[in-house]
Amino acid sequence: MREVARRQRGSIGVYWLRMLSFPAVGGLVGYGLAFLLSFVIDSSALFAAPVIGFVIGYVIWSQRAKRFVLKRFRREMATRNLQLRYPTSFTVDDEGLHCISGPVSSSAEWSAVTDLFLEQGYWVFMVQMSPWVCPRRLFTTPADERAFITGALDRMSESARNHSRQAVNAMRTAA
């Protein structure tokens, strides 16, 4: 699996160097501030400055990390001549759940679909513990979305519906 991750995000060394740079720089800045302030304030009270700097650096890192990872991922896609966006469609029928995204199509029998839930604007189908992510923006109207999700829930096993309480409740309140 390391090779899969390397091909998606690049070298692990460069990745972690970038990810740890913000907390490390924050810690160094905090240490520098503690050193400078030690000339003005009792230095015994400044032991927390490097820790505070590290925490500030970590907060900045957590806000910026996604941007770095996505930029790298998109660059890796571009080097392979892959588009960043493909037309995507999801369909349900008696045989299963089907997804077509650009040149890739996938199908799953209903016995493989174990959960359905809404997460940050996406309907997520768990297919043998792998997420299939269906953006809500694919639906032109709330009625289309409701018909699709209800159709999926109706075809899922009772066990899968029990794991999908959030989706079941969302469809009840939308009715």
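The structure contained in this document is the topic of the report that follows. (Residues numbered from 1 in each chain as written. Predicted model: local features only at pLDDT ≥ 70, side-chain atom pairs only at ≥ 80, totals over all residues. Heavy atoms only, no water.)

Concerning helix α6 (residues 165–174)
And step 1. Restricting attention to buried positions, one finds in α6 the residues A167, V168 and M171. The arc that holds the buried residues of α6, viewed along the axis, is 100 degrees, so those residues lie on one side. Seen from the buried face of α6, the exposed residues on the opposite side, beyond 90 degrees, are R172 and T173.
And step 2. Where α6 is buried, its residues touch β4 (113–119), β5 (122–127), α4 (142–155) and α5 (158–163). (Buried < 20%, exposed > 50% of the residue type's maximum accessible area, 1.4 Å probe, protein only. Helix = DSSP H or I, 4+ residues; strand = E, 2+ residues; numbered from the N terminus. Arc of directions from axis to C-beta. Contact = heavy atoms within 4.5 Å.)

Quick notes on α4
Because the α-helix completes a turn every 3.6 residues, residues three or four places apart line up on one side.
And step 1. With 14 residues, α4 extends 20 Å from end C-alpha to end C-alpha; this agrees with the ideal 20 Å at 1.5 Å per step.
And step 2. Every buried residue belonging to α4 is among E145, F148, I149, G151, A152 and L153, and all of these are buried. (Expected span 1.5 Å × (residues − 1).)

Description of the sheet that holds β5
And step 1. The strand order across the open sheet built from three strands is β4-β5-β6, with neighbouring strands paired in antiparallel fashion. Each having just a single partner strand, β4 and β6 (130–135) make up the two edges of the open sheet. Recorded for the sheet is a direction-independent mean angle of 20 degrees between the axes of neighbouring strands.
And step 2. Pairing of β5 with β6, which is carried by six bridges, proceeds in the antiparallel orientation. Counterpart to V124 in the pairing with β6 is V133.
And step 3. Along the sheet, α4 makes contact with β4, β5 and β6, crossing β5 at roughly 15 degrees. (Pairing = 2+ DSSP bridges. Axes fitted to C-alpha atoms, helices over the stretch in contact; angles between N-to-C directions.)

Remarks on the sheet that holds strand β2 (residues 96–101)
And step 1. With antiparallel pairing, three strands are arranged side by side in an open sheet as β1-β2-β3. Single-partner strands in this sheet number two, and they are β1 (88–92) and β3 (104–109). Ignoring strand direction, the axes of neighbouring strands in this sheet form an average angle of 10 degrees.
And step 2. Judged from the five bridges that link them, β1 and β2 form a sheet pairing that is antiparallel. The residue bridging S89 from the neighbouring strand is I100, located in β2.

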